[in-house]
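# Examination of the molecular architecture
The residues making up each chain are set out below.
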Amino acid sequence: MSNTTVNIADHQAHRKLMEVALAMSALRDLDSLLDQILREAKDLTRSDGGTVYLAEDDSTLKFALLKNDTLKLHQIAEPGSEINLPDVPLNKASGEMNLSNVAAAAANLGQTIVIDDVYVNEAYDFQGTRIFDQMLDYRSVSFLAVPLRNYQGDCIGVLQLLNARKHDGEVTRYDLSQIPLVESFASLASVAIQHRMLMDSSEDRINVAISELHKTKKVLESIETIDSVTGLRRRGYFDEVLVNEWRRARRQRHDLSLCILEIDRFDQIALNKGPSFAEACLVTVANELGQFFKRPSDFFACFDVGSFGVILPYMTTVEAFEQIDRLREEILSRPFIAGGEKVRVTISSGVATLGAFEKDNLSDLIQFASSSLIRSIESGGNITHQHER
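Residues numbered from 1 in each chain as written. Predicted model: local features only at pLDDT ≥ 70, side-chain atom pairs only at ≥ 80, totals over all residues. Heavy atoms only, no water.

Helix and strand counts for the protein chain come out as 10 helices and 15 strands. Within the span of the protein chain, comprising 389 residues, buried residues form 43% of the whole. At a minimum sequence separation of 6, the contacts of the protein chain that also span at least 24 residues come to 61%. Total accessible area on the protein chain is roughly 21200 Å²; 51% of this is exposed by carbon and sulfur atoms. (Helix = DSSP H or I, 4+ residues; strand = E, 2+ residues; numbered from the N terminus. Buried < 20%, exposed > 50% of the residue type's maximum accessible area, 1.4 Å probe, protein only. Contact = heavy atoms within 4.5 Å. Areas by Shrake-Rupley, 256 points an atom, 1.4 Å probe, with all protein chains shown as cover.)

On to helix α4 (residues 127-136). Residues lying three or four places apart along an α-helix face the same way, a consequence of the helix completing one turn every 3.6 residues. Turning to α4, its buried residues number three or more, namely Thr 129, Phe 132 and Asp 133. Along the long axis of α4, the arc covered by the buried residues comes to 95°, so they all point the same way. Exposed side of α4, more than 90 degrees from the buried face: Gly 128, Gln 134 and Met 135 are the residues found there. Against β2 (60-68), β3 (73-76) and β6 (143-149) lie the buried residues of α4. In the stretch just after α4, Asp 137 is the one whose phi turns positive, near 55°. (Arc of directions from axis to C-beta.)

With that settled, consider the packing of helix α8 (residues 275-292) against helix α9 (residues 317-333). Two elements in contact, α8 and α9, have axes separated by 11 Å at closest approach and are oriented at 135°. When the axis of α8 is compared with that of α9, the two are oblique. For the crossing formed where α8 meets α9, the hand is right-handed. Along the contact surface, α8 presents Val 285, Glu 288, Leu 289 and Phe 292, while α9 presents Gln 323, Arg 326, Leu 327, Glu 330 and Ile 331. Across the contact of α8 with α9, the residue classes tally to five nonpolar, one polar and three charged. (Axes fitted to C-alpha atoms, helices over the stretch in contact; angles between N-to-C directions. Parallel < 35°, antiparallel > 145°, perpendicular 65-115°, else oblique. Left-handed = near helix turned anticlockwise from the far one by under 90°. Nonpolar A, V, L, I, M, F, W, Y, C, P; charged D, E, K, R; others polar.)

Rendered as structure tokens:
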């Protein structure tokens, strides 16, 4: 009859293990997984406390989690924590295995270690445990250290349990008949830990890859909006900036000037003097724009073939006209040489302003500036016209 009872108890215990294993496999992060592993191990052995160490670089056991019911402690390893247990080296300075620390010995030997009373045991160094007891007014007695091993049999950590208790709460030694069950649980826990670590590693790599893709996408998008000849932004980007500046001008009630300028007879220049000279003209005008419009709010970009757009927030029509006309004069004074001959290069410009309290919409502003540019071109070029209401 007693044998039947034991078998039923074993069956129930193993069924419990499988339920725990399924629950562990569903957890989405390592901290939650370690917390459940330690909680279930404590319940399984009726331990008052426990610690989980994880192996790092095959040389160190790093403290990951501590629980203690009597002291009401639940501590994960993080900077600034009230209790952070020191790392446990797996090897001594001489290169020999560290067998003096019970957790290190369990990891190095791959064996479960049972200690009935740490204050009587002389096989291991429990100085740290005594300091822990003295600091927190606690009494450590029985210890159970179980290695956590992965599929290949390598140690990935140590599950360390403290102070087994009887049903009435009295601290006692660990029941040796329970060791196989605890080791089975440790094996299941190891599989769950390794699976979670692999998943985290894969997710980290995926996240890094996604981040790099986003960066590459932004670079490519940036490249697509940049004119390869002048290095300025292209029309699409210019339009986005103009929309934002128009909205800001409406909200804040300030003037917004728009200038459109074009190299006179640019197509004819490219045809007669060649594309290289035409590109040199574009670069020169682009560089001069950079010299004239240096305020943080100023923005200029390519507008169309041979033309540029300039956005000038907080600038009146008169101020914008004066700036653009000075630029026109500067271009006129610049020497352009093609095939050893001096070539006269000029620009025509159109300026329009959306006043702080005017109700024109953005399309009106663009139309006014474009119409002013057309007037300049039709006037023979090398002139700046402003929109007049």
